[in-house]
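# Coordinates in review
One-letter residues, chain by chain:
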Amino acid sequence: MIPAFLSLALGAAAALTALPALAQEVNVYSYRQPELIAPLVDAFTEETGIAVNVAHLDKGLVERLKAEGERSPADLVFTVDISRLSAVVEAGLTQPVTSDTLTENVPAIYRDPDGHWYGLTTRARVVYASKERVPESAVTTYEDLANPKWEGRVCTRSGLHPYNVALTAAVLHHHGAEGTKAWLEGLKSNLARKPQGNDRAQVKAIWAGECDIALGNTYYMGKMLADEEQKAWADAVRIVFPEFEDGGTHVNISGVALTKSAPNRENAVKLMEFLTSPKAQEIYAEANYEYPIAPGTEPADLVASWGDFTADDVNLMSLAGNRPEALKLTEEVDFDG
Ligand code: FE
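For clarity, every value in this text was computed on a predicted model and none was experimentally measured. (Residues numbered from 1 in each chain as written. Predicted model: local features only at pLDDT ≥ 70, side-chain atom pairs only at ≥ 80, totals over all residues. Heavy atoms only, no water.)

### Remarks on the coordination of the iron ion
- The iron ion binds to the protein through Tyr 163 (OH), Tyr 219 (OH) and Tyr 220 (OH); the donor distances cover 1.9 to 2.1 Å.
- Taken in sequence order, the residues that donate to the iron ion follow the motif Y-x55-Y-Y. A residue pair is termed long-range when its members are at least 10 positions apart, and Tyr 163 in helix H6 (residues 162-190) and Tyr 220 in helix H8 (residues 219-225) qualify at 57 residues. Both residues of the pair, Tyr 163 and Tyr 220, belong to the buried class. (Donors = N, O, S within 2.8 Å, 3.2 Å for Na, K, Ca; no water. Helix = DSSP H or I, 4+ residues; strand = E, 2+ residues; numbered from the N terminus. Buried < 20%, exposed > 50% of the residue type's maximum accessible area, 1.4 Å probe, protein only.)

Put into structure tokens, the structure is as follows:
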């Protein structure tokens, strides 16, 4: 059976060239919002004639792939955060891809050494600082956040959220278990209130005078500026890119993985290669105020205006490996309590 979307997408061209219709599609399960992906998959279809079907999921992607098993229609998984990418890999739901195009376009620290996932864009986890109450360069390192000079002035979301667990996994990489525990305890004792809300809620709290600095991902600045109500929150803060004392700024990724059962493997790899191309990365990154990662690419002007930074050079795979210990330490210090 030829699905309706296929005839729509291919239209007359397919009929004329009489392509084997069933081979000309690729199916995506995505945790990312459809509007981020739509312009790219449309461009891909236009260029290749391969239809892209995107199922947008809010949760349960691993469970769904497991339940569907070998009969799953999914070829590719799009998601954010190394924790979610590695969860799909660890569940045995992916297969490795080797491709010169992919290794050229994706720097080694942003892909699985075995080829099970590839990064497409990055986001930095940074400090949002009150323009009014925090002088320029008052925070320069992540280690600073545990300094008692910030007592009662820091806001953050739950320490158990994947964004903070990944940051804590990076602290582990740089400082080991003992240093990380001390950092978490120091940070906790600097909190103005118990961890709560999402990243934007922390910036709102700075705007409202409840705290002076907060942890947050860079793209939320773009999202707040684009929102009528939240623009005032964004205007109350500036982004500071902290570094680790012996490293750079902590980043996480959005990425893509090929499923183990991919029924349209060849087309799926073509889409992966297309998405990692420098031009596609720039479009994808701009849609969500993120950073493209291919050599020679540039972020959008607004994103670039927040400042330059040097990303930490740890392979995200080792951060994924540190995750269980990061979670354990966060619970041990009762970070959210
Ligand atoms: Fe987010």
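### Thoughts on the domain arrangement of the protein
- As far as domains go, the protein holds domain 1 (7-122 + 252-299) and domain 2 (123-250 + 309-332).
- In this assembly, 24 residues from domain 1 lie in contact with 22 residues from domain 2.
- Across the domain 1-domain 2 interface, the total number found is one salt bridge.
- For Glu 290, the salt bridge identified is with Arg 123, shortest N-O distance 2.7 Å. (Domains from an automatic or database assignment. Contact = heavy atoms within 4.5 Å. Salt bridge = Lys/Arg side-chain N within 4 Å of Asp/Glu carboxyl O.)

### Concerning the nonpolar core
- Ranked by internal contacts, the top residues of the largest apolar core, which has 91 residues, are Leu 76, Tyr 128, Leu 145, Ile 213 and Leu 271.
- Looking at which element gives the most residues to this core, the answer is H6, with ten residues.
- Counting contributing residues, this core receives three or more from each of domain 1 (7-122 + 252-299) and domain 2 (123-250 + 309-332).
- Listed in part, the nine residues of the second largest apolar core include Tyr 29, Ala 74, Val 77 and Val 88. (Core = buried A, V, L, I, M, F, W, Y, C linked by side-chain atoms within 4.5 Å.)

### Describing helix H7 (residues 199-207)
- Residues Asp 199, Gln 202, Val 203, Ala 205 and Ile 206 constitute the buried set of H7. Along the axis of H7, the buried residues cluster in a sector spanning 155 degrees; they form a single face.
- The N-cap of H7, judged by a side-chain oxygen 3.2 Å from the amide nitrogen of Arg 200 a few residues on, is Asn 198.
- Once H7 ends, the next one or two residues include Gly 209, with phi positive near 85 degrees. (Arc of directions from axis to C-beta. Polar contact = N/O pair within 3.5 Å; in protein donor to acceptor, adjacent residues only side chain to side chain.)

### Points about the state of the cysteines
- Throughout the structure, instances matching the rule amount to one disulfide.
- With its sulfur 2.1 Å from that of its partner, Cys 155 forms a disulfide with Cys 211. Looking down the S-S bond of the Cys 155 and Cys 211 bridge, the torsion is -105 degrees, so its handedness is left-handed. With Cys 155 in strand E5 (residues 154-155) and Cys 211 in the loop between H7 and strand E6 (213-217), this pair connects stretches of sequence that are 56 residues apart. (Disulfide = S-S within 2.5 Å.)

### Quick notes on the pattern of salt bridges
- Scanning the entire structure with this criterion turns up 13 salt bridges.
- Between Arg 64 and Glu 68 there is a salt bridge whose closest N-O contact spans 3.2 Å. Residue Arg 64 and its partner Glu 68 are located together in helix H3 (residues 61-68), separated by four residues, close to a single helical turn.
- A salt bridge links Arg 157 to Asp 199; the shortest N-O distance between them is 3.3 Å.

### Points about the side chain of Gln 230
- Note on placement: Gln 230 falls in the loop between H8 and helix H9 (231-235).
- Among the residues examined, Gln 230 registers a relative accessible area of 13% and is labelled buried.
- With near-sequence residues (within four places) excluded, Gln 230 lies in contact with Arg 200, Lys 223 and Met 224.

### Describing the packing of helix H2 (residues 34-48) against helix H11 (residues 278-287)
- Following both chains from N to C, one finds H2 and H11 inclined at 160 degrees, their axes separated by 9 Å at the closest point. Judged on the interaxial angle alone, H11 and H2 are roughly antiparallel. In the crossing of H2 with H11, the sense of the turn from one axis to the other is right-handed. The residues of H11 that touch H2, namely those facing Leu 36, Ile 37 and Leu 40, are Ala 280, Ile 283, Tyr 284 and Ala 287.
- Broken down by class, the residue content of the contact of H2 with H11 amounts to seven nonpolar, no polar and no charged. (Axes fitted to C-alpha atoms, helices over the stretch in contact; angles between N-to-C directions. Parallel < 35°, antiparallel > 145°, perpendicular 65-115°, else oblique. Left-handed = near helix turned anticlockwise from the far one by under 90°. Nonpolar A, V, L, I, M, F, W, Y, C, P; charged D, E, K, R; others polar.)

### Remarks on the packing of H2 against helix H10 (residues 265-276)
- The N-to-C vectors of H2 and H10 enclose an angle of 120 degrees; their axes lie 11 Å apart at closest approach. Taken together, the axis directions place H2 and H10 in an arrangement best described as oblique. Relative to H10, H2 is oriented so that their crossing is right-handed. Contact residues: H2 offers Leu 40, Ala 43, Phe 44 and Glu 47, while H10 offers Asn 267, Lys 270, Leu 271, Phe 274 and Leu 275.
- A per-class count over the contact of H2 with H10 returns six nonpolar, one polar and two charged.

### Examining the environment of Asp 199
- Locating Asp 199 in the fold gives a position in helix H7.
- Taking the relative accessible area as the measure of exposure, Asp 199 reaches 1% and is therefore buried.
- In this structure the side chain of Asp 199 is engaged in a polar contact, spanning 2.8 Å, whose partner is the side chain of Arg 125.

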